[in-house]
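Each chain, letter by letter, is given below.
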Amino acid sequence: LDQNDDFGPLFLERVDTLLGEMADSMEAMAGVVRDIVTHVAESESLFSRYLQHVLAWSYGCKNLVQVEKWIALKMDTASMMDSSLHCNILYLHIICRKNVGSILRIASWDSEEIAKELLQNEVQFEGISFVSAIVSHFLRLVGENFEANKWSNSFSLFLNSFAALMEGGVIEDEDLIVNLRLLILLNVLISVDVEEMAVGRIVQMITEDTISTDIATVSGCLGLLKDSMSETPSKTKEAQDHLLRIFFSPWWLKVISNKVYNDDAIFLMSAIKQRRDYIKEQTAVVLLRNVLTCRRGNGSQSTLPTSSFLPSIVVLLSCELNANHHESFSESGERVGMPHFVPHWLSTEGVNTPPLTDVSIDEVDWYLRNYHNSFDDCPLAKVVSDIIFGELIEKARSINSDELLIMFQASIQEQKEVNQATNARLLRCSGQASLQGPVSIKGCYVRALETDAILLTFVCKVAEELSNYSRSFALEGVNAVCAVRILNGVMPIFRWPDFFFKVIMKLKGSGHLANLLSEGGPLHNFNWCQQWMQGLSSHQRDVEMRLRRSEAALREAEIDEDNKARQFRRCPHCNEMFGVDQVNCGVFYCGRDAHGANGPAVGGRAVQGGYGCGRQFRLDEAIPYARDETLLGPLREEVLANRNLFEASNQGAELWARAERLDIPPISFRLQNEDRTSMSSKIFNISLVDHLQQTPEEENICRLAAILNQLPRLEHVSCLPDLIEFYIFIHKTFRHVVTREESFNMKLRDVMDERLLRARFGAVHASHLYSLFLRVVEKVNLFLTANENRVNFECEDVAMPFTDLMDVSLIQVLSEAEHPSNGH
């Protein structure tokens with residue numbers, strides 16, 4: 001190769017491969033390099049060109065003078081530079097292999113001045129010393145021709161790679177923490193585009209070196225931010241939220257000292273508890289979750305979430321939880337009951353107060369005693385419960401309900417073992433701002449919240465297994481008796497059955513739940529399921545039919561009795577019923593014509609006894625016929641019984657509807673069915689928040705703009721789930737029961753008539769189907785209007801043969817034809 005040739009990637013790859021194969025033998029490596037460069041001219045410029053190609057090929061660094069200078073500095077420091085080119089190339093590869101991280105860090109700076117300054121000061125590109133040098137550089141830049149936007153861009157780049165730069169180190173220097181917080185505060189003010197006056201105050205503080213140590217805490221930073229933004233209060237909350245998300249992000253929490261970590265954690269807990277307006281509930285869950293999970297305790301392999309949290313943080317959190325629960329103990333010092341957290345969405349609408357039970361050694365009875373919310377008006381408890389529940393749901397993916405039941409039993413036993421001595425220890429801990437040495441979290445309030453969260457997860461898992469497999473491990477395993485007792489104990493309380501059935505309906509639909517409740521199903525024999533079974537559409541139809549038959553029989557009997565009362569009288573002698581054809585002289589013989597020609601007769605025909613008593617009486621002596629209550633009474637009782645059954649059936653149907661309305665709002669709530677379809681709450685989830693945090697703001701803004709630009713299209717796409725469900729229903733219901741000729745004359749408006757649906761499918765299912773139909777009609781009509789009644793079908797622009805889905809004939813939605821114009 002001469003000086004004009006390039007070192008191609010194949011050549012460089014070959015060198016690197018050979019060096020890797022002979023890494024243990026420096027002598028062999030030197031020999032390989034010597035052979036490779038035998039014909040390469042000895043030239044300093046040639047080495048520089050080779051260096052540029054190595055950096056461009058291996059690290060993607062092009063024309064970065066600071067990287068080349070740093071490598072040259074490293075070679076000079078180690079006295080590696082040699083007069084022979086092949087030795088220099090060998091040393092170059094050795095340095096690059098040993099300092100990959102440093103090379104990438106230097107190459108990542110968009111400001112060449114930073115790298116030059118660090119090179120001049122011979123700063124090591126690693127660990128806290130490197131971070132400290134970078135911070136000092138940014139502080140100096142604030143006082144030297146400060147350009148806010150340019151400075152902010154460089155500092156944001158520095159923050160994005162902050163955790164990698166620390167290389168697992170922890171900042172113990174309080175001055176460095178103060179400087180970092182101040183620079184972050186300045187960057188936040190610039191990013192939210194506040195007035196120059198607010199930024200100027202921070203800049204002045206830095207240039208005049210009047211930085212207060214109060215800024216070492218989060219509360220101090222927020223106070224300084226609020227004072228700086230007194231002229232622009234409208235953007236204060238935005239800046240506060242931005243600042244909190246940085247100071248409670250995982251990368252920041254991992255590099256600060258234990259003291260700062262504890263102080264920040266206490267501040268966050270107190271702010272959530274006091275409902276500070278700068279922390280929303282969703283934000284509180286994300287930030288506190290970071291505090292609890294970014295540092296793990298010795299029990300990180302445990303199934304229980306709180307066992308993996310730092311014990312000191314768990315105890316501090318328990319101290320902040322203000323339980324409205326008076327601990328009571330027996331004469332022997334044993335705990336009589338435990339505090340509970342009942343989510344508001346589980347304890348509203350249809351509350352049933354559980355009965356108080358006597359002292360019992362049974363864990364389930366002990367747990368359910370005084371089952372009510374002990375953390376009323378405590379937002380911190382709500383946030384902690386949500387975090388623990390989210391962690392348990394994630395762990396529950398890999399275990400079954402029987403294992404969760406064992407966890408629940410063990411957790412109850414731990415709570416039950418808390419005695420007066422344990423309680424006194426926890427009270428002593430509550431007075432300490434920080435905890436040193438080994439700490440026990442047994443019996444603390446966070447563990448009590450975890451017990452309730454395990455029960456919630458267990459109920460979820462049982463519902464999930466019944467949805468996917470029509471059986472549950474807990475209800476069939478060795479602990480089945482205990483599982484049944486837990487379900488029987490908790491389901492009559494609050495809205496537990498609504499939650500349980502909502503999960504099943506969400507995962508597999510109301511039809512599958514009906515099968516589980518029907519005779520032979522795994523839920524059929526549970527007492528708390530009886531009222532739900534009465535709300536089944538099939539049961540409703542049977543009860544309604546029996547009620548109609550009994551009402552018809554009663555109505556017919558009453559009409560018959562009323563007719564008899566108008567037309568008949570009774571013999572005063574034998575009480576036999578008779579009708580009066582003609583009064584004449586008013587003298588009658590019971591069961592005879594009064595004036596028989598040749599003796600007793602009826603209708604002119606002679607009779608020989610056997611009908612009536614034959615005794616004489618006058619008409620005014622015969623009493624009128626009265627309705628026979630002995631006949632009507634049983635019929636009325638039957639109607640009343642059927643009406644009660646019908647009312648119970650309607651109440652059961654209302655339970656189904658109420659479960660459908662239940663909103664399960666924990667942000668962490670996650671379940672998956674066998675098709676891996678996610679079930680989540682309407683509130684956005686933690687993974688999305690984390691994703692938005694990790695994605696650059698500019699990228700999020702671009703994505704949001706793209707979404708907003710496509711809103712009309714997305715509005716139509718949102719119709720698909722309803723359209724698919726409706727399409728499947730139409731096909732399953734009508735395709736094989738209606739002839740082709742009949743389907744031409746049947747309009748969807750008539751087919752989906754609400755009264756017909758109720759008669760066939762029951763109130764609950766019919767209401768769902770009718771609502772589904774109305775949504776589909778509305779959305780499809782909007783789509784047709786937006787597209788001028790045309791669709792694209794196999795690369796063809798087709799005019800649809802209708803403008804309103806309500807008036808479409810059934811044939812046009814059964815996919816019997818081959819083209820949209822004919823119905824497809």
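Residues numbered from 1 in each chain as written. Predicted model: local features only at pLDDT ≥ 70, side-chain atom pairs only at ≥ 80, totals over all residues. Heavy atoms only, no water.

J.: Can you explain the sheet that holds strand E1 (residues 568-570)? Please cite residues and give values.
T.: The antiparallel open sheet is built from three strands, whose spatial order is E2-E1-E7. Of all strands in the sheet, those bounded by a partner on one side alone are strand E2 (577-579) and strand E7 (623-624). With three bridges joining them, E1 and E2 adopt antiparallel strand pairing. Bridging from a neighbouring strand, Phe568 pairs with Gly579 of E2. Strands E1 and E2 of the sheet are contacted by helix H31 (residues 537-567), whose axis makes an angle of about 70 degrees with E1. (Pairing = 2+ DSSP bridges. Helix = DSSP H or I, 4+ residues; strand = E, 2+ residues; numbered from the N terminus. Contact = heavy atoms within 4.5 Å. Axes fitted to C-alpha atoms, helices over the stretch in contact; angles between N-to-C directions.)

J.: Now, about the nonpolar core: what can you tell me, with residues and values included?
T.: Counting 153 residues, the largest nonpolar core has Leu288 and Trp496 as its most contacted members. A total of 14 residues in this core trace back to one element, the largest contributor, which is helix H25 (residues 445-469). If you look at the next biggest cluster of nonpolar residues, it comprises 29 residues, including Phe734, Met752, Ala766 and Leu814. (Core = buried A, V, L, I, M, F, W, Y, C linked by side-chain atoms within 4.5 Å. Buried < 20%, exposed > 50% of the residue type's maximum accessible area, 1.4 Å probe, protein only.)

J.: Account for the side chain of Arg495, with residues named and values stated.
T.: Within the fold, Arg495 resides in the loop between helix H27 (480-490) and helix H28 (496-508). Residue classification places Arg495 among the buried positions, given a relative accessible area of 5%. Here Asp498 takes part through its side chain, which lies 2.8 Å from a polar atom of the side chain of Arg495. (Polar contact = N/O pair within 3.5 Å; in protein donor to acceptor, adjacent residues only side chain to side chain.)

J.: Explain the pattern of salt bridges to me, and be specific about the residues and the numbers.
T.: Evaluation of the coordinates by the stated rule reveals 23 salt bridges. One salt bridge in this structure joins Arg447 and Glu450, with 3.7 Å as the shortest N-O distance. With Arg447 and Glu450 both in helix H25, this residue pair falls three residues apart, about one helical turn. Close ionic contact of Glu561 with Lys564 constitutes a salt bridge, the shortest N to O distance being 3.6 Å. Placement of both Glu561 and Lys564 in helix H31 is noted, with a separation of three residues, approximately one turn of the helix. Given the relative accessible area of 22%, Lys564 is considered partly exposed. (Salt bridge = Lys/Arg side-chain N within 4 Å of Asp/Glu carboxyl O.)

J.: Describe in detail the packing of aromatic side chains, supporting the description with residues and values.
T.: In this description, a pair of aromatic rings is defined by centroid distance and the angle of the planes. Within this structure, the stated rule accounts for 22 aromatic pairs. Centroid distance Phe247 to Trp252: 5.4 Å. Interplanar angle 50 degrees. Geometry classified as tilted. Here Phe247 and Trp252 have matching classes, each one buried. Centroid distance Tyr367 to Tyr371: 5.9 Å. Interplanar angle 50 degrees. Geometry classified as tilted. The rings of Phe500, Phe501, Phe526, Trp528, Trp532 and Trp656 are connected pair by pair, giving a single aromatic cluster. (Phe/Tyr/Trp six-rings, centres within 6.5 Å; stacked < 30°, edge-to-face > 60°.)

J.: Quick one: what's the story with the side chain of Glu414, residue by residue and with numbers?
T.: Position of Glu414 among the secondary structure elements: in helix H23 (residues 401-416). What makes Glu414 buried here is its relative accessible area of 16%.

J.: Run through the packing of H25 against H28, naming residues and quoting values.
T.: Where H25 meets H28, the closest approach of the two axes is 9 Å, and the angle between their N-to-C directions is 40 degrees. Viewed along their axes, H25 and H28 adopt a mutual orientation that is oblique. The interaxial crossing formed by H25 with H28 has right-handed handedness. Facing H25, whose interface residues are Leu455, Leu456, Val459, Cys460, Val462, Ala463, Glu464, Leu466, Ser467 and Asn468, H28 presents Trp496, Phe499, Phe500, Val503, Ile504, Leu507 and Lys508. Grouping the constituent residues of the contact of H25 with H28 by class yields 13 nonpolar, two polar and two charged. (Parallel < 35°, antiparallel > 145°, perpendicular 65-115°, else oblique. Left-handed = near helix turned anticlockwise from the far one by under 90°. Nonpolar A, V, L, I, M, F, W, Y, C, P; charged D, E, K, R; others polar.)

J.: So what's going on with the environment of His539? Residues and values would help.
T.: Here His539 is to be found in helix H31. Taking the C-alpha atoms as reference points, His539 and Ser649, separated by 110 residues in sequence, lie 7.5 Å from one another. If sequence neighbours within four positions are ignored, His539 has contacts with Met533, Gln534 and Ser649.

J.: Please give an account of unusual backbone geometry that cites residues and values.
T.: Most peptide bonds take the trans configuration, and most residues that are not glycine carry a negative phi. In this structure, Asn575 takes a positive phi of about 65 degrees despite not being glycine. Along the chain, the position of Asn575 falls in the loop between E1 and E2. Assessed through its relative accessible area of 42%, Asn575 is described here as partly exposed. Notably, Asn584 is not glycine yet its phi reads approximately 50 degrees, a positive angle. Asn584 sits in the exposed class, given a relative accessible area of 61%.

J.: Lay out the environment of Asp264 with the relevant residues and their values.
T.: On the secondary structure map, Asp264 appears in helix H16 (residues 258-273). Setting aside anything within four residues of it in sequence, one finds Asp264 in contact with Arg181, Val218, Phe248, Trp252 and Ile256.

J.: Tell me about the confidence of the model for the protein, residues and numbers included.
T.: Chain-level pLDDT for the protein is 75 on average; 69% of the residues reach the 70-or-more range. Here strand E9 (residues 678-680) stands out as the least confident element of the protein, with mean pLDDT 37; helix H26 (residues 473-476) is the most confident, with 92. Low pLDDT, under 50, characterises residues 37-43; the stretch is placed with 14 contacts to residues that sit more than four places away or in other chains. Here residues 666-693 is a poorly scored stretch, pLDDT under 50, and it has 74 contacts once near neighbours within four places are set aside; other chains count. (pLDDT = per-residue confidence, 0-100.)

J.: Run through the packing of helix H9 (residues 148-160) against helix H11 (residues 174-191), naming residues and quoting values.
T.: Where H9 meets H11, the closest approach of the two axes is 10 Å, and the angle between their N-to-C directions is 125 degrees. Regarding the angle of H9 to H11, the classification is oblique. When you trace H9 past H11, the crossing you get is left-handed. Mapping the contact onto sequence places Ala148, Asn149, Trp151, Ser152, Phe155, Ser156, Phe158 and Leu159 in H9 and Leu180, Leu183, Ile184, Leu186, Asn187 and Ile190 in H11. Partitioning the contact of H9 with H11 into residue classes produces 10 nonpolar, four polar and no charged.

J.: Lay out H28 in plain terms, naming residues and giving numbers.
T.: Given a rise of 1.5 Å per residue, 13 residues ought to cover 18 Å, and the 19 Å separating the end C-alpha atoms of H28 matches this to within 8%. Taking burial as the measure, the 13 residues of H28 include 11 buried ones, the bulk of the element. Of the residues making up H28, those classed as buried are Trp496, Pro497, Asp498, Phe499, Phe500, Phe501, Lys502, Val503, Ile504, Met505 and Leu507. Phi turns positive one or two residues past the end of H28, at Gly509, with a value near 95 degrees. (Expected span 1.5 Å × (residues − 1).)

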